[in-house]
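Structural characterization, general
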Amino acid sequence: MNSSQIKHFDYIFTGTGLASLMTVYKMILSDKFRDKSILLLDHDSKKINDRTWCFWEKEESIWNSIISKKWDSALFANENFKRDLALKPYQYNQIKGLDFYNFVFEEVSKHRNITFLNEKVTDINELETHVFIGTEQSIYTCNYLFNSIYTKTFALSQTKYPVLQQHFIGWFVKSDVDVFDPKQATFMDFSVDQKGNTRFIYVLPTSKTEALIEYTLFSENLLPKEEYENEIQKYLEKLGVLHYEILEKEQGSIPMTCYPFWKKNTKRVLNIGTAGGWTKASTGYTFKNSDRKSSELVDFLQHEDPKMAVFHKKNRFWFYDLLLLDILHRHNELGSAIFSSLFRKGNPALIFKFLDEETNLIEDLQVILKCPKLPFIKALFRVIFK
Ligand SMILES: Cc1cc2nc3c(=O)[nH]c(=O)nc-3n(C[C@H](O)[C@H](O)[C@H](O)COP(=O)(O)OP(=O)(O)OC[C@H]3O[C@@H](n4cnc5c(N)ncnc54)[C@H](O)[C@@H]3O)c2cc1C
């Protein structure tokens, strides 16, 4: 292929999942990118429901029309106590992956300056004046690249920042008896055997007979598939569900790490989504962060000659996450005690605000001081003197 045959774009997105689609959708809404050519590349056609996103929110947002379920209340439990958490002024919202993909692609299809190609990216090469992208089928160039293809080895090949995974398997089940409370989600039920880890059940009921049930760990190593599934079966039995149909399954392994992914950003390449460190390190939640960061990015791109390498700013919440991950990495069995202390008496709305990184210093302390002190003091010394 000679250089005149290579197609050039202003912006290319390698990977067209959550972070890319949020960014592109907001570029469209801003109406400031009509004259820019944009290419979206993904080896997946984004036509299946490969995940369900949940996030908390106070006000209605641009995603409101695709929210499939909202909860005003959540349950936190361990082997000794249960607490109903009134979430007001927040609501816990659910969006099905496929609804999100369809919603954004429908808008994208109305804009001739945006092209989606179903191609696997095999190579990214940055030069002084542009970036080369190789796929299994072709070669493209662009002025700026947004990459959301996650490279595991970046975080795993270092030891400075612990890397845990939020890993889970979920079954969307339909039971033959009324057993779920569709008004209440179960955030974390630590009453399951911890086996030296941080293990809990997460339940998203959509009717009295239907719910997504996930067996989840915050830990370093994945389990054999049967172990997650046996635990889901045991939990269903405990709830009294003996006959049920599995309607859908989902699974995930989301990196939980303070590894500074943004240091890989360069003059023309910006890593976004999980690949760019947009996943909240202490929880694995990414939807809300991506919503915020994609808005910031679309504003940032409107600056004259944006410098991708300076897009990210580290804040004190990064440091709090680092402390928690340091503890869970060394003492994975402490997760239940830490989250239980936080949720036993903590104000749920304040915890959400803290996780959204919107609290002030006094509010930070109100949340942090609910956690067991000794492990955090030890982690503080370890992190400072490392
Ligand atoms: C099952 C599941 C449930 C989750 N639930 C929640 C939740 O409830 N709340 C929450 O906040 N977060 C949740 N997450 C975490 C996070 O929100 C998602 O992982 C989110 O999709 C991350 O967005 P992203 O844009 O970084 O990556 P993705 O959405 O995964 O997008 C990356 C894209 O890159 C593509 N790709 C990869 N390699 C190539 C290649 N070589 N060439 C071309 N394309 C490529 C992939 O096909 C994909 O479309 C969940 C994750 C999973 C897996």
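Read on for a plain summary of the structure. Keep in mind the model is a prediction, meaning the values are calculated, not measured.

Cut-offs and rules
Residues numbered from 1 in each chain as written. Predicted model: local features only at pLDDT ≥ 70, side-chain atom pairs only at ≥ 80, totals over all residues. Heavy atoms only, no water. Pairing = 2+ DSSP bridges. Helix = DSSP H or I, 4+ residues; strand = E, 2+ residues; numbered from the N terminus. Near = heavy atom within 4 Å. Polar contact = N/O pair within 3.5 Å; in protein donor to acceptor, adjacent residues only side chain to side chain. Nonpolar A, V, L, I, M, F, W, Y, C, P; charged D, E, K, R; others polar. Phe/Tyr/Trp six-rings, centres within 6.5 Å; stacked < 30°, edge-to-face > 60°. Buried < 20%, exposed > 50% of the residue type's maximum accessible area, 1.4 Å probe, protein only. Lys NZ or Arg CZ within 6 Å of the ring centre and 35° of its normal. Axes fitted to C-alpha atoms, helices over the stretch in contact; angles between N-to-C directions. Contact = heavy atoms within 4.5 Å. Salt bridge = Lys/Arg side-chain N within 4 Å of Asp/Glu carboxyl O. Parallel < 35°, antiparallel > 145°, perpendicular 65-115°, else oblique. Left-handed = near helix turned anticlockwise from the far one by under 90°.

In this structure, strand β3 (residues 52-57) lies alongside strand β7 (residues 91-96), joined through six bridges in antiparallel fashion. By the bridge assignment, Thr-52 is partnered in β7 with Lys-96. Strand direction decides the pairing type here: strand β4 (residues 67-71) and β7, joined by four bridges, are antiparallel. Each residue of the ladder has a partner; that of Lys-70, found in β7, is Asn-93.

So, on to the site of the ligand. Close contacts around the ligand come from 28 residues, with Asp-42, Lys-46, Cys-54, Thr-286 and Phe-287 the closest. One of the backbone nitrogen or oxygen atoms of Leu-18 is found 3.0 Å away from an oxygen atom of the ligand. In this structure, an oxygen atom belonging to the ligand sits 2.9 Å away from a side-chain N or O atom of Arg-51. Mapped by element, the contributors of at least two residues to the shell around the ligand are α1 (18-30), β3 and β16 (244-257). With four residues, the top contributor of residues to the shell around the ligand is β16. For the shell around the ligand, a count of residues per class yields ten nonpolar, eleven polar and seven charged.

What follows covers the packing of aromatic side chains. For the structure on display, the rule yields 40 aromatic pairs. A ring pair is formed by Tyr-25 and Trp-63, whose centres lie 5.3 Å apart and whose planes are at 40°; its orientation type is tilted. Remark: Trp-63 occurs in the loop between β3 and β4 and Tyr-25 occurs in helix α1; sequence separation between them is 38 residues. Across the pair, exposure class does not vary: Tyr-25 and Trp-63 are buried alike. With 5.8 Å between their ring centres and 75° between their planes, Phe-218 and Phe-339 make a pair best called edge-to-face. With Phe-218 in strand β15 (residues 210-219) and Phe-339 in helix α7 (residues 335-345), the pair connects residues that are 121 residues apart, well separated along the chain. Taken together, the ring pairs in this structure connect Tyr-25, Trp-53, Phe-55, Trp-63, Phe-100, Tyr-101, Phe-103 and Phe-287 into an aromatic cluster. The residue whose ring lies beneath Lys-264 is Phe-154, and the NZ or CZ to ring-centre distance is 4.3 Å. Lying over the aromatic face of Trp-318, Lys-314 brings its terminal NZ or CZ to 3.9 Å of the ring centre.

Moving on, we get to the sheet that holds β7. Sheet architecture is open: three strands sit in the order β3-β7-β4, paired in antiparallel fashion. With one partner strand each, in any of the chains shown, β3 and β4 form the two edges of the open sheet. If you compare each strand with its neighbour and ignore which way they point, the axes differ by 25° on average. Contacting β3 and β7, helix α2 (residues 97-108) crosses the sheet at an angle of about 70° to β7.

On to the pattern of salt bridges. Pairing is possible between side chains of opposite charge, provided their charged atoms come close. Tallying each qualifying case throughout the model produces 22 salt bridges. Here Glu-227 and Lys-195 are joined by a salt bridge, their closest N and O atoms 3.7 Å apart. In this pair, Glu-227 is assigned in helix α4 (residues 225-239) and Lys-195 in the loop between β13 (184-189) and β14 (199-205), connecting sequence segments 32 residues apart. On the accessibility criterion, Glu-227 (21% relative accessible area) is partly exposed. Owing to a relative accessible area of 40%, Lys-195 belongs among the partly exposed residues under this scheme. Glu-296 serves as the salt-bridge partner of Lys-293, at 3.7 Å between the closest nitrogen and oxygen. Linking Lys-293 with Glu-296, this pair stays in helix α5 (residues 287-300), spanning three residues, or about one helical turn. Classification of Lys-293 as buried rests on a relative accessible area of 8%. Three or more residues are tied together by salt bridges with common partners; here these are Lys-280, Arg-292, Lys-293, Glu-296, Asp-321 and Glu-357.

What follows deals with the packing of helix α6 (residues 316-330) against helix α9 (residues 361-368). Closest axis-to-axis distance for the α6/α9 pair is 13 Å, and the angle between their directions is 10°. Looking at the two axes, α6 sits roughly parallel to α9. Where α6 crosses over α9, the two elements pack in a sense that is right-handed. Residues Arg-316, Phe-317 and Tyr-320 of α6 lie in contact with α9, whose contacting residues are Leu-361, Asp-364 and Ile-368.

This part takes up the sheet that holds strand β12 (residues 163-175). Pairing within the open sheet is mixed, and its seven strands lie in the order β6-β5-β13-β14-β15-β12-β16. Here the strands that pair on one side only, and so sit at the sheet edges, are β6 (82-86) and β16. Shown here is a sheet whose adjacent strand axes are inclined to one another by a mean of 20°, direction ignored. As paired elements, strand β5 (residues 73-77) and β6 share five bridges and run antiparallel to each other. Bridging from a neighbouring strand, Ser-73 pairs with Ala-86 of β6. In the packing of α6 onto the sheet, the strands contacted are β12, β15 and β16, and the crossing angle to β12 comes to about 80°. Seen against the sheet, α7 touches β5, β6, β13 and β15 and runs at an angle of roughly 55° to β6.

Treat this as a map of the structure, not an account of what it does.
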